[in-house]
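Here's the letter readout for the chains.
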Amino acid sequence: MKNRLALLAAGLISFVGAAAAATTSPDAIPDIPYTRFQLPNGLTVVVHEDHKAPVVAVSIWYHVGSGDEPAGKTGFAHLFEHLMFSGSENRKGTYFQPFERAGATDMNGTTWFDRTNYFETVPTTAVDMALWMESDRMGHLLGAIGQKELDTQRGVVQNEKRQGENRPYGRVDENVLVNTFPANHPYHHDTIGSMADLDAASLADVKQWFHDYYGASNTTLVLAGDITVAQAKAKAEKYFGDIPAGPPVPRQQAWITPVQTSSRGTQHDQVAQTRIVRTWIVPQLGTDDAVQLDLATTVLGGGKTSRLYQRLVYQDKIADDVSLGISPFALASQVQLTVDVKNGVDPAKVEAAVADVWKDYLAKGPTDDELLRAKVANRAGFVRGLEKVGGFGGKAVILAEGQVYRNDPEAYKKDLERAQKATTASVLAASKTWLAKGDYTLTVLPAAPGFDPAAEDKAVVGLGDAQGRPAAVTPPAKTYTVGKSEVDRSTGVPAVDTFPDLSFPKLQRGKLKNGIEVVLAERHTVPVTQVQLLFNAGYAADQGRKLGTASFTSALLEESTKSLDSVEVARRKERLGAIVSSSCSLDNCSVGLNALNTDLTPSLALFADITRNPAFKADDIERVRGQWIAGIAQEKTEPTGLALRTLPPLLYGKDHAYGIPFTGSGTEKAIASLTADDLAAFQRDYLRPDNVRIVVAGDTTLADILPKLDAVFGDWQAPSTALPKKNIGEVAAQPRPRVFLINRTDAPQSLILAGLLAPSTKAKNALDLGIANGAFGGTFTSRLNMNLREEKRWAYGAGSMLSDAQGQRPLLFYAPVQTDKTAESAAEILKEAKAVIGPKPLTDEEIEKIRAQRVRALPGSFETTSAVLGAITGILIYDRPDDYVQTLKSRIEGVDRKDAEDALSAVIHPDALTWVIVGDLRKIEAPVRALNLGEVHVIDADGAPAKDTVPARAAKAKPAPSKK
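Numbering of residues starts from 1 in each chain and follows the order in which that chain's sequence is written. Whole-chain, interface and lining totals are the exception, using all residues; otherwise, since this is a predicted model, local features are given only for residues with pLDDT of at least 70 and side-chain atom pairs are given and counted only at 80 or more. Note: side-chain values were computed over all heavy atoms of the structure, leaving out hydrogens and water.

(A) Inspection of the overall build of the chain at higher detail. Helix and strand assignments come from DSSP, with helices taken as H or I runs of at least 4 residues and strands as E runs of at least 2, each series counted from the N terminus. Helix and strand content of the chain: 33 helices and 23 strands. Taking 2.2 N^0.38 as the reference for a compact globule, 964 residues should give roughly 30 Å; the C-alpha atoms of the chain span a radius of gyration of 28 Å, in line with that estimate. Viewed in the frame of its principal axes, the chain has a C-alpha envelope of about 80 × 70 × 60 Å. Summary of the burial criterion: residues with accessible area below 20% of their type's maximum are buried, those above 50% are exposed, and those between are partly exposed, where the area comes from a 1.4 Å probe applied to protein chains only. Within the chain, buried positions represent 59% of all 964 residues. Contacts between residues were defined by any pair of non-hydrogen atoms, one from each residue, lying within 4.5 Å. Excluding contacts between residues fewer than 6 apart, the proportion of contacts in the chain whose partners are at least 24 apart in sequence is 82%. With C-alpha atoms as the basis for the radius of gyration, the globule rule is written as 2.2 Å multiplied by the number of residues raised to the power 0.38.

(B) Examining the packing of helix 11 (residues 307-315) against helix 12 (residues 347-364) more closely. Two elements in contact, helix 11 and helix 12, have axes separated by 10 Å at closest approach and are oriented at 150 degrees. The way helix 11 lies across helix 12 gives a crossing that is right-handed. Facing Arg307, Leu308, Arg311 and Leu312 of helix 11, the residues of helix 12 in contact are Val350, Ala353, Val354, Asp356, Val357, Trp358, Asp360 and Tyr361. The residue classification treats Ala, Val, Leu, Ile, Met, Phe, Trp, Tyr, Cys and Pro as nonpolar and Asp, Glu, Lys and Arg as charged. All others, Gly included, are polar. By residue class, the composition of the contact of helix 11 with helix 12 is 8 nonpolar, no polar and 4 charged. Helix axes are fitted to C-alpha atoms over the stretch in contact, other axes to C-alpha atoms as well, and angles between N-to-C directions run from 0 to 180 degrees. Should the near helix be turned anticlockwise from the far one by less than a right angle, the crossing is left-handed, and should it be turned clockwise, the crossing is right-handed.

(C) Local environment of the sheet that holds strand 19 (residues 749-758). We treat two strands as partners when DSSP finds at least two bridges between them. In spatial order, the strands read 20-21-19-22-18-23; together these 6 strands make up an open sheet with mixed pairing. Lying at the two open borders of the sheet, with one neighbouring strand each, are strand 20 (799-802) and strand 23 (935-939). Going across the sheet, the axis of each strand differs from the next one's by a mean of 20 degrees, ignoring polarity. Across the sheet, helix 5 (residues 147-165) is in contact with strand 19 and strand 21 (809-818); its angle to strand 21 comes to roughly 110 degrees.

(D) Focus on the sheet that holds strand 9 (residues 319-328). The 5 strands lie next to each other as 7-11-8-10-9, forming an open sheet whose pairing is mixed. Edge positions in the open sheet fall to strand 7 (263-269) and strand 9, since each of these has one partner strand only. Pairwise comparison of adjacent strand axes, ignoring direction, gives a mean angle of 15 degrees for this sheet. Note: strand 9 against strand 10 (residues 333-341), 9 bridges, orientation antiparallel. Bridge pairing in strand 10 links Ser327 to Gln334. Most of the contacts of helix 6 (residues 172-180) go to strand 11 (residues 440-446), to which it runs at about 150 degrees, and overall it touches strand 7, strand 8 (275-282), strand 10 and strand 11. Together, strand 9 and strand 10 form the strand contacts of helix 11, whose direction differs from that of strand 9 by roughly 160 degrees.

(E) Helix 28 (residues 822-836), seen in detail. Helix span, as expected, comes to 1.5 Å for every residue beyond the first. Over its 15 residues, helix 28 extends 21 Å from the first C-alpha to the last, a length consistent with the 21 Å expected when each residue adds 1.5 Å. Counting buried positions along helix 28 gives 12 out of 15 residues, so the element sits mostly inside the fold. By the burial criterion, the buried members of helix 28 are Thr822, Ala823, Ser825, Ala826, Ala827, Glu828, Ile829, Leu830, Glu832, Ala833, Ala835 and Val836.

(F) Structural view of the state of the cysteines. Counting rule for disulfides: a pair of cysteine sulfur atoms within 2.5 Å. Tallied over the full model, the rule gives 1 disulfide. Disulfide pairing places Cys584 opposite Cys589 at an S-S distance of 2.1 Å. Between Cys584 and Cys589, the S-S dihedral sits near 100 degrees, and the bridge is therefore right-handed. Of the residues examined, Cys584 reaches a relative accessible area of 13% and is grouped as buried. In this structure Cys589 comes out as buried when scored by relative accessible area, which is 4%.

(G) Examining the packing of helix 19 (residues 566-576) against helix 20 (residues 600-612) more closely. Between helix 19 and helix 20, whose axes approach to 10 Å, the crossing angle comes to 155 degrees. With respect to helix 20, the element helix 19 is oriented roughly antiparallel. Read as a crossing pair, helix 19 and helix 20 show a hand that is left-handed. Contact with helix 19, carried on its side by Val569, Arg572, Lys573 and Leu576, involves Pro602, Ser603, Leu606 and Ile610 of helix 20 and no other residues of that element. For the contact of helix 19 with helix 20, the class distribution of residues is 5 nonpolar, 1 polar and 2 charged. Note that the term roughly parallel is reserved for angles under 35 degrees, roughly antiparallel for angles over 145, roughly perpendicular for angles of 65 to 115, and oblique for everything else.

(H) Local environment of the side chain of Arg275. You can see Arg275 is positioned in strand 8. Contacts described as polar in this section are N or O atom pairs within 3.5 Å, which, within protein, must combine one atom able to donate a hydrogen with one able to accept it, while residues neighboring in sequence count only if both atoms come from side chains. Within polar-contact distance, the side chain of Arg275 engages the side chain of Asp340 at 2.6 Å. Look past the residues within four positions of Arg275 in its chain and what remains in contact with it is Tyr169, Thr338, Val339, Asp340, Leu442, Thr443 and Val444.

(I) Structural detail: the pairing of strand 21. For strand 21, a buried count of 9 out of 10 residues is recorded, marking the element as mostly surrounded by other parts of the structure. Judged from the 4 bridges that link them, strand 20 and strand 21 form a sheet pairing that is antiparallel. Within the sheet, the bridge partner assigned to Leu802 lies in strand 21 and is Leu811. If you look at the hairpin formed by strand 20 and strand 21, you'll find 6 residues sitting between the two strands.

(J) The pattern of salt bridges, seen in detail. In what follows, salt bridge is the name for a side-chain nitrogen of Lys or Arg lying within 4 Å of a carboxyl oxygen of Asp or Glu. Counted according to the given criterion, the structure contains 59 salt bridges. Among the ionic pairs, Lys413 bridges to Glu410, the shortest N-O distance being 3.4 Å. For Glu410, a relative accessible area of 25% translates into the label partly exposed. Here Glu828 makes a salt bridge to Lys792, at a shortest N to O gap of 3.6 Å. In this pair, Glu828 sits in helix 28 while Lys792 sits in the loop between helix 27 (783-791) and strand 20, placing the two residues 36 residues apart along the sequence. Judged on exposure class, the residue Glu828 and its partner Lys792 are both buried. Within the structure, one salt-bridge network assembled from shared partners comprises Asp369, Arg373, Glu568, Arg571, Arg572, Glu574 and Arg575.

(K) Focus on the environment of Arg688. Its place among the elements puts Arg688 in the loop between helix 24 (676-686) and strand 17 (692-698). Taking relative accessible area as the criterion, Arg688 reaches 2% and is therefore assigned buried. It is 38 Å that separates the C-alpha atoms of Arg688 and Val389, two residues lying 299 residues apart in sequence. Sequence-distant contacts of Arg688, that is, excluding residues within four places in its chain, are made with Phe535, Gln683, Trp716, Pro719, Thr721, Ala722 and Leu723.

(L) Structural view of the environment of Pro30. Looking at where Pro30 falls in the secondary structure, it is placed in the loop between helix 1 (2-12) and strand 1 (35-38). For Pro30, a relative accessible area of 0% corresponds to the buried category. Residues Pro30 and Lys413, 383 residues apart in the sequence, show an inter-C-alpha distance of 7.6 Å.

(M) Local environment of the environment of Phe607. Topologically, Phe607 is positioned in helix 20. By relative accessible area, which is 0% here, Phe607 ends up buried. Along the backbone, Phe607 and Gln634 are 27 residues apart, and their C-alpha atoms lie at a distance of 31 Å.

(N) Spatial organisation of unusual backbone geometry. At Lys317, a position not held by glycine, the phi torsion is positive, near 55 degrees. You can see Lys317 is positioned in the loop between helix 11 and strand 9. When its relative accessible area of 45% is taken as the criterion, Lys317 is described as partly exposed. One non-glycine residue, Asn407, lies in the positive phi region at around 55 degrees. Topologically, Asn407 is positioned in the loop between helix 14 (394-406) and helix 15 (411-421). Look at Asn407 and you get exposed, because its relative accessible area is 54%.

(O) Here's a closer look at the side chain of Arg623. Within the secondary structure, Arg623 is located in helix 21 (residues 618-635). When its relative accessible area of 8% is taken as the criterion, Arg623 is described as buried. Sequence-distant contacts of Arg623, defined by excluding residues within four places in its chain, comprise Val313, Tyr314, Glu559 and Ser566.

Below, the structure is given as structure tokens:
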């Protein structure tokens with residue numbers, strides 16, 4: 001077994017890409033080569049070269065987060081993050097616009113306890129633009145921020161808070177933090193803060209926060225990708241050299257506050273099942289104990305093979321899901337256990353079983369095999385993230401975290417070394433030290449009708465003041481010599497006039513001896529091969545069967561085979577470091593393998609066994625059935641899930657294959673009645689060799705992979721039965737608009753989802769429609785989002801979405817909005833829909849912006865092997881030519897305004913809209929009826945008629961005014 005781990009380690013080295021240092025040691029730690037330097041003003045710059053794709057990740061981290069907020073100003077770090085996207089002194093308007101035009105990908109900003117970061121991945125030729133933009137808002141922000149900008153972003157953040165709280169279990173984190181950290185601890189409150197504090201934030205607060213924390217000396221800039229150190233140094237000096245260092249920032253000190261005696265609380269929420277959340281406070285990131293506890297939590301609750309999952313889900317059958325993990329932060333960390341209690345089971349029985357597992361583990365510790373599998377799983381998970389240079393993860397984030405939190409960009413190596421050297425004794429010792437201490441147990445119960453969450457919130461007081469908080473350390477004041485900037489900012493943002501060419505592998509085709517087609521794209525950047533079996537099936541194949549059959553069968557593929565039980569299947573995947581997953585979408589089902597080349601042959605053998613020989617054992621079916629039905633119930637408590645279950649049957653009708661919940665999960669009644677014969681019948685009818693194509697992408701060749709695939713799939717023979725047909729025929733537009741209201745009492749937001757039918761993804765004008773939709777509602781700067789988010793600040797985000805489909809696909813207008821603006825928001829959506837096909841059609845400038853964004857994003861869109869694989873599946877599903885990706889640029893550039901306008905006008909019919917609005921009907925029904933959007937129906941979570949709560953005469957009221 002140790003030899004296998006050594007081989008895995010050796011095989012993972014080049015995961016970091018072409019720029020990784022070569023090594024011959026089998027136990028070597030993956031390397032992300034970097035260069036670090038500091039500008040005279042204190043700005044730290046970290047550079048990593050990776051030239052496999054013509055893109056550069058720009059990641060800028062300010063060492064300030066919600067943990068630095070004083071009393072009465074909770075949520076301020078995150079509010080300020082939003083303000084940083086409002087424009088700067090030398091570049092007014094939304095920050096996203098020049099990046100969209102340049103084809104940036106992975107662009108966003110986030111705030112956490114100890115840092116605020118901003119990031120984007122841009123074409124190599126757009127690095128100057130990106131650095132100009134980042135430096136302008138770092139050094140030249142305050143003149144562009146006024147009361148209007150503050151009020152706008154305050155409203156957006158408050159709607160983000162409402163949106164989070166409107167989700168099931170959305171108030172858990174706030175409760176846990178209040179009850180696990182002392183009142184004067186930096187982590188006592190959650191990052192998004194309180195409504196009252198957000199309301200109280202003033203313009204003076206904004207300016208002071210900027211002055212205190214956004215100086216160059218409190219900032220780290222990481223540039224990772226297609227850039228040299230010399231280029232990075234010159235550009236950093238040019239754009240950031242004149243920015244003031246800022247005052248010394250008091251640095252929070254680690255403060256671990258384990259709960260000395262166990263405590264507990266109860267919270268009610270609009271959830272479908274009881275959830276137990278148990279939390280321990282443990283040492284901060286970068287400590288040996290944090291690494292040991294990471295391994296311990298994997299053994300105890302890291303998946304199907306973990307002890308808690310085995311006991312609660314498999315053996316006792318008292319829980320639908322269980323997970324345990326560590327969240328490492330700079331000052332302290334959390335270990336958190338989450339258990340979804342099976343309906344009808346006493347939570348006390350679950351807690352007793354957890355205590356039993358805990359006691360046994362703390363007495364004996366992990367076994368050698370458990371620890372080995374934990375090491376493989378954790379290491380493989382870390383290294384797989386290294387294929388990307390930026391985004392929410394990737395190499396830029398790893399380097400930035402090390403620098404910001406530990407003054408060491410390669411701090412990750414220390415953690416990997418500690419994990420590699422961990423023993424059963426060391427893991428047990430850390431577990432006894434920290435997981436035998438007190439904890440806070442929160443039990444979340446389904447709320448009774450009429451429950452007021454605000455009333456319960458007042459009772460959540462949390463821990464009292466605690467003494468002994470470490471004093472913040474203020475770094476000694478430094479005198480920085482600010483460089484002279486070479487930038488004349490009066491000339492505006494640097495133009496991006498040239499763009500790198502797209503590099504996409506040529507598709508190669510072959511066949512197995514039984515005729516199965518194989519399509520390969522070679523990508524030799526990492527020693528990994530990805531294989532996907534693509535079946536023409538999907539949710540649409542449920543028609544004529546019990547709804548949810550396709551997805552349920554797919555899930556059961558991941559359980560037992562005829563020779564291996566489900567636990568052994570999971571163990572073998574862990575030992576191989578392989579990922580095998582099966583899933584369905586609307587039109588297709590797939591089974592995928594992500595395998596390390598060092599173990600490709602045995603991984604393929606396991607993959608084939610899972611695909612070809614599912615056992616559909618009774619115990620597996622019953623266990624997954626319970627989890628599945630609980631999942632459906634959860635969908636019905638989540639506004640978006642509820643709307644996506646409800647709207648498609650209304651759009652397509654009961655006779656169409658798409659007239660089903662688009663979650664693919666089916667109905668409780670159907671899932672409850674599924675049998676092994678039903679699953680075997682679906683497998684026989686759809687998951688068969690004459691209905692599959694094999695897609696391969698990664699570090700292999702056709703000559704190498706075909707024999708390996710032939711060995712495991714070449715003798716697979718099709719059944720004698722015919723392939724079933726799916727009814728995805730044309731559906732006429734609705735003759736009149738309709739409105740369906742679903743009650744969600746006390747919801748802090750309403751969810752508006754309105755739908756129309758568009759032509760198939762295969763349609764000749766699909767590209768035209770996609771570009772038009774991008775301008776109307778498919779991008780941040782689209783009309784819908786700019787209206788409801790940036791102008792009205794009634795939503796955290798709003799837009800329109802086109803789902804891919806072989807038949808007619810849905811065009812959905814989506815907006816989670818504050819409750820008191822539900823009717824007004826619906827009116828604005830309708831106004832925009834009417835305007836875009838009437839008096840305010842899309843402009844040449846709007847279309848050109850989306851065209852430019854789509855074309856210029858192409859080089860950065862296929863950085864990963866998974867992205868390449870996804871492109872190939874699209875080529876196969878939608879009958880595209882093999883050079884589809886390579887010719888996208890010319891075809892996108894060929895779309896003009898009239899093409900886009902015609903495509904959109906053919907789809908948007910405001911008088912055919914079907915609206916589903918989920919919210920508190922006591923507050924929204926009468927105003928929505930007064931809009932006269934269409935005939936109003938009140939339905940329940942299953943789509944059945946519910947009792948109308950407002951007299952019909954209310955529909956005759958005057959429409960609510962639409963604000964301009």
